[in-house]
Amino acid sequence: MNTIYRHRDGFASGPALLMLAGLQVLVARPSHMPSPPSQEPIEIVLMAPPAEAPSPPRPPEPKPIAQPTARPRPAIAAPTTAPAGEVNLPAPAPRQATETPPAEPPLTPPSPPAPQPPRANPAAELEAAYVTRVRQMLNAIKRYPTGREASLLRPSGSVRVWLLLDRNGQLLDRGVETSSQSLLLDNAALRTVSVGSYPPFPAELWAGQAQRRFHVDIDFVVPNG
Amino acid sequence: MQFVRKPLFIAVTLALPSLVLAQGSTAIGQITVEGQPVAAGAGLMIQEEAPKARSTATQAHLSTQMPTASPYQGIRLLPGVNAHSTDATGLFGGSLTVRGFNSDQMGFTIDGAPVNDSGNYAVYPQEYVDLENLEEIFITQGATDLDAPHVGAVGGNIGIISSNPTDQRRFRLAQTLGDKGLSRTFVRADSGRFNENATRLYASYSKSMVDKWRGEGEADRDHVDAKIVHDLGRGSRLSAGVVYNFAENNFYRNITKAQYAANGRSYDYDTVFGGRVTPVAGTAQNESSLTNYYNLQWNPFENYIATFKANLQLDDKTRLDIEPYYWYGDGSGGFGTTLNEANAFNAGVYGAAAKDLNGDGDTLDRVLFWRTSYTHTTRPGINLKLTHLLGNHKLAAGLWYERAEHRQTQPFVAVGADGKPLDLWAGSHLVTGPNGKVLQGRDQLTISTGYQLYLEDQISLLADRLNLSVGVRLPAIERDGKNYANNTAGNTTDYSVAKTYRDTLPQAGMRYRLSDTSSVFANVAKNFRAPQNFVLYEANQAGRSRNLEAETSTNLDVGFRHQSDKLNLSGTIYWVDFQNRMAQVRDPDGTSRNYNAGDVRTKGFELEAGAKVAASWGLYGSLSYTDAKQKSNFTTATSANVPVTLPTSGKIFVDSPKWMAGLALRYDAGPWFGGVQAKFSDKRYATLMNDEEIDGYVTVDANLGYRLAHVGMMKNARIQLNVLNLLDEKYLAQITSTRVNAVAYNGLAAGVPNYAPGAARFTSLTFTADF
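Residues numbered from 1 in each chain as written. Chains lettered and ligands numbered in written order. Predicted model: local features only at pLDDT ≥ 70, side-chain atom pairs only at ≥ 80, totals over all residues. Heavy atoms only, no water.

K.L.:
I'm lost on the overall build of chain A in this one. Help?
P.N.:
Of the regular secondary structure elements, chain A holds 6 helices and 3 strands. When the helices and strands of chain A are listed from N to C terminus, the series reads α-α-α-α-α-β-β-α-β. Among the 225 residues that make up chain A, the fraction classed as buried is 49%. Sequence separation of 24 or more characterises 75% of the internal contacts of chain A that already satisfy a separation of 6 or more. Within the structure as shown, chain A displays about 10400 Å² of accessible surface, and the carbon and sulfur contribution to it stands at 62%. (Helix = DSSP H or I, 4+ residues; strand = E, 2+ residues; numbered from the N terminus. Buried < 20%, exposed > 50% of the residue type's maximum accessible area, 1.4 Å probe, protein only. Contact = heavy atoms within 4.5 Å. Areas by Shrake-Rupley, 256 points an atom, 1.4 Å probe, with all protein chains shown as cover.)

K.L.:
How should the overall build of chain B be read in this particular structure?
P.N.:
Regarding its fold elements, chain B presents 5 helices and 42 strands. When its C-alpha atoms are laid out on the principal axes, chain B stretches across 105 × 60 × 45 Å. Put simply, of all contacts in chain B between residues at least 6 apart along the chain, 68% involve residues at least 24 apart. If you sum the accessible surface of chain B, you get close to 27100 Å²; carbon and sulfur atoms cover 58% of it. Looking at chain B, you have 73 positive and 76 negative side-chain charges, and the mean spots of the two groups are 4 Å apart. (Lys, Arg positive; Asp, Glu negative; His and termini not counted. Charge placed at Lys NZ, Arg CZ, Asp CG, Glu CD.)

K.L.:
What am I meant to see in the nonpolar core here?
P.N.:
Where a protein is soluble and globular, its nonpolar side chains tend to be buried together. Ranked by size, the top nonpolar core spans 46 residues in total, and within it I75(B), L78(B), V81(B), L96(B), F108(B), I158(B) and Y620(B) carry the most contacts. At the level of elements, β3 (81-85), β4 (94-98), β6 (107-110), β8 (134-140), β10 (157-162) and β17 (318-340) of chain B are the ones that each hand at least two residues to this core. The element contributing the most residues to this core is β8(B), with 3 residues. Apart from the residues lying within four places of it in its own chain, the contact partners of F108(B) are Y72(B), L96(B), S103(B), A113(B), P114(B), V115(B), N116(B), V123(B), H150(B) and I158(B). Counting residues in each nonpolar core, the second largest holds 28 residues, with I141(A), L190(A), V216(A) and V33(B) among its members. (Core = buried A, V, L, I, M, F, W, Y, C linked by side-chain atoms within 4.5 Å.)

K.L.:
Hey, could you run me through the sheet that holds β4(B) in this one?
P.N.:
Backbone hydrogen bonds hold the strands of a sheet together, and the pairing may be parallel or antiparallel. All names here are of chain B. In spatial order, the strands read β3-β4-β5; together these 3 strands make up an open sheet with antiparallel pairing. Of all strands in the sheet, those with a lone pairing partner are β3 and β5 (101-102), marking the two edges. With 5 bridges connecting them, β3 and β4 associate as antiparallel partners. What sits directly across from V81, in β4, is V98. (Pairing = 2+ DSSP bridges.)

K.L.:
When you look at the sheet that holds strand β3 (residues 211-221) of chain A in this model, what are you seeing that I'm missing?
P.N.:
Pairing within the open sheet is mixed, and its 4 strands lie in the order β2(A)-β1(A)-β3(A)-β1(B). For this open sheet the edge positions go to β2 (171-178) of chain A together with β1 (25-34) of chain B, each flanked by a neighbour on one side alone. In this sheet, adjacent strand axes meet at a mean angle of 25 degrees when their direction is disregarded. Of the strands in this sheet, β1 (157-166) and β3 of chain A together with β1 of chain B touch helix α4 (residues 122-141) of chain A, which is tilted by about 30 degrees from β1(B). (Axes fitted to C-alpha atoms, helices over the stretch in contact; angles between N-to-C directions.)

K.L.:
Any chance you could explain the environment of G650(B) here in plain terms?
P.N.:
Residue and element names in this part refer to chain B. Mapping G650 onto the fold places it in the loop between β33 (643-646) and β34 (659-669). Distance in space between the C-alpha atoms of G650 and T699 is 30 Å, their sequence separation being 49 residues. Sequence-distant contacts of G650, that is, excluding residues within four places in its chain, are made with K629 and Q630.

K.L.:
It is not clear to me how unusual backbone geometry should be interpreted in this structure. Could you clarify?
P.N.:
One can expect most non-glycine residues to show negative phi and most peptide bonds to be in trans. Backbone geometry at W206(A) places phi at a positive 50 degrees, although glycine is not the residue there. Turning to its location among the elements, W206(A) is positioned in the loop between α6 (183-194) and β3.

Right, dumping it as structure tokens:
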């Protein structure tokens with residue numbers, strides 16, 4: 001009973017996820033609209049808490065003292081973050097430029113991270129290059145919120161912001177996909193995305209798409225936050 | 001607060017958008033934003049975004065200072081700050097002016113709780129914190145923050161923020177030794193995260209002792225900090241902290257320019273006690289020559305601040321902050337004096353005018369006592385704030401309420417044969433009058449109920465390029481004063497007096513982002529300071545009506561910022577219109593009282609720049625120009641009660657240097673770290689008539705440290721050498737009392753301003769280690 005209680009989230013998630021997976025299958029149909037990205041399995045894995053800490057409603061065990069400024073964070077599939085904030089994700093799983101229905105439901109229960117090796121695919125390289133440029137641009141303009149409120153609260157957390165760019169690099173819309181549970185951080189993340197200047201899409205990349213949706217994870221870290 | 005990522009929640013939130021939009025989404029990846037990166041600015045500058053002039057000194061800079069340093073020393077290099085410390089360690093306090101405003105005209109908070117004296121707004125920075133437990137100290141040079149709980153902040157505010165307990169268990173020990181017998185021991189224990197990683201706490205204790213650098217006497221300070229933080233999950237957090245201080249310090253002597261010229265900077269109180277004069281009946285004994293003995297000048301004070309916070313994230317768009325606090329202060333500042341046995345007492349209050357105080361049977365003597373201005377304050381209060389996001393508006397509404405009970409007395413304590421008061425805490429050995437009543441130079445209880453409502457809207461426009469911030473605060477303070485019959489003329493009966501002061505203070509700011517790296521900002525704010533509580537008890541309440549209005553100021557900042565990895569730049573041009581300045585004026589009946597004495601207009605600019613010059617080097621510089629001009633002539637009366645008007649209009653205001661500059665260079669690589677900092681100040685006037693001034697100065701401080709490798713259980717060990725006033729500059733640093741005129745004018749006698757010289761070169765060595 002105790003085991004079930006401790007893993008209650010996992011046990012409860014199972015049936016719920018199956019229902020959602022079913023909904024996904026029903027909704028996704030062959031059409032002119034691009035398919036849900038097949039890399040979503042990686043994203044879930046990225047965000048999931050490590051398997052060894054199933055139920056804590058709290059941040060997981062702190063890292064050893066060798067990294068004094070790092071906050072306890074769930075393990076990510078990516079290599080460890082460089083101090084400048086540059087993160088190199090493995091190249092996303094190869095995605096067809098054309099629209100095909102997903103091979104399997106994109107939502108799976110949390111599993112150990114298993115990024116797919118990049119294939120020698122020019123589209124994937126272009127995409128990786130573009131994404132890197134955007135990331136570098138955002139890294140240059142990122143800001144931690146300031147002001148009396150920020151000084152008193154010193155929030156930390158991670159925000160997932162979605163943004164809609166058109167081919168010319170114009171930002172059409174943006175919003176918070178996953179809140180950090182802090183008004184200050186959500187606003188700061190939105191501001192960072194809003195004031196960025198995005199490069200136009202290379203002609204060969206996402207050809208035929210007038211606009212594309214992106215998302216970025218902005219992680220605000222404060223020592224002893 | 002870390003967002004808790006539960007698989008089910010993730011699945012739902014990720015599935016929903018794709019269900020709705022059913023289109024692809026490319027991951028850009030992860031961006032990490034660190035709070036307060038050190039790189040460009042040597043720890044003295046952050047990438048500020050507030051729509052008003054604001055500067056910050058972070059822990060990265062504070063940790064390079066002497067561990068005993070007071071908050072004044074921590075912010076000394078920031079633009080616009082004219083701060084001084086009575087000695088190098090900071091344990092004796094100091095003085096501060098910013099844009100012509102004194103420290104008692106600025107609001108101070110520690111973790112959001114106000115710490116200005118509830119009666120006269122005085123600030124004693126050495127009583128508040130241990131520097132290594134601080135996260136940052138910020139200052140808004142002109143505009144008091146809308147949500148700040150102040151009724152006495154006409155010149156902006158300063159916030160001291162303590163750091164949170166560490167994530168890992170840690171025991172830290174630091175020992176400082178230095179000149180003048182400096183010894184400071186600091187221990188801090190952090191629990192690390194427990195209770196399923198939700199809770200962490202720490203407690204620290206420090207003991208500091210140092211001798212005065214001029215004259216005899218010492219500072220002896222015990223300090224305790226403790227804090228507990230509990231994360232409730234989903235953005236909500238509870239925390240509680242307490243800051244406790246107990247100090248018994250001797251005072252330094254404030255000296256005149258003449259005394260400084262004659263004796264040099266080491267001039268202080270008498271170091272030798274002449275000995276009590278033996279009482280002999282029938283003859284007059286006079287102990288007046290003994291009052292300047294150093295051990296008769298004491299500042300014992302005990303205080304603590306307890307703060308509680310519940311920061312509750314009610315939903316994705318709403319936050320409620322409930323932050324009660326409690327301040328306790330008890331102690332005094334006392335000096336040697338004599339009482340004339342023949343007429344020490346007000347006969348109406350104490351039964352008769354004369355009393356034998358030294359037991360020799362006559363009432364002919366002047367007997368030595370320690371007269372101390374005692375204050376006891378209890379001050380519970382609460383800050384409430386509700387914040388809600390509505391489209392591109394961030395709305396906030398808040399309420400502050402506090403009730404301060406402030407008891408002020410002035411007893412006379414008997415002095416021992418060695419020249420030291422017999423009871424520093426004035427609980428015994430008190431002089432009583434002929435009728436047995438304890439002699440008090442003042443005896444009042446003021447209940448000050450402060451409250452404030454504020455509303456603020458921050459609007460984000462033009463795709464977040466333009467941020468507007470508009471708001472209004474409505475502070476009010478009800479002073480309920482009770483005077484108990486005491487020895488001061490005009491206050492020899494029991495009476496009650498009440499006065500309420502309130503104002504409406506709008507504020508509007510904007511910040512516009514010109515490009516990735518540049519932005520401009522502007523802010524206009526109205527500030528106010530209610531008159532201090534002592535005006536309630538100034539002689540002759542009935543009869544002479546004085547329309548004492550609160551001091552008000554309108555502050556306009558216009559500024560520009562450039563921010564990048566390598567260079568941070570911030571510049572502000574400002575105008576301040578300060579009205580109804582309160583000052584002591586001699587009434588035609590010969591008594592000095594406070595009146596609204598005119599206006600001061602200040603304009604100037606403040607620049608600061610932080611640069612990362614190479615991999616391990618950081619550079620910071622600040623420059624400020626302040627032109628604070630009096631706009632009115634000062635009218636008072638001579639000692640013959642003849643009105644006289646002094647032509648002060650157009651003259652520069654006191655203690656406001658025209659030019660100031662700060663510079664800090666910081667090196668940090670591998671095991672070695674160090675830095676040099678310099679402060680330059682222009683000359684300053686000590687009188688409203690500008691007929692006495694003190695020279696400008698340059699002081700240089702340096703620090704050098706070495707980090708040791710981990711040795712067994714000992715980690716992060718480091719040794720730090722601090723040298724203050726490296727060039728041993730001799731100068732007058734603080735203007736402790738300003739005057740109207742230093743040269744007689746039309747029958748008005750000359751006043752004599754007082755000063756405190758800058759401390760001599762001072763060295764300390766600190767060893768810190770974690771276990």
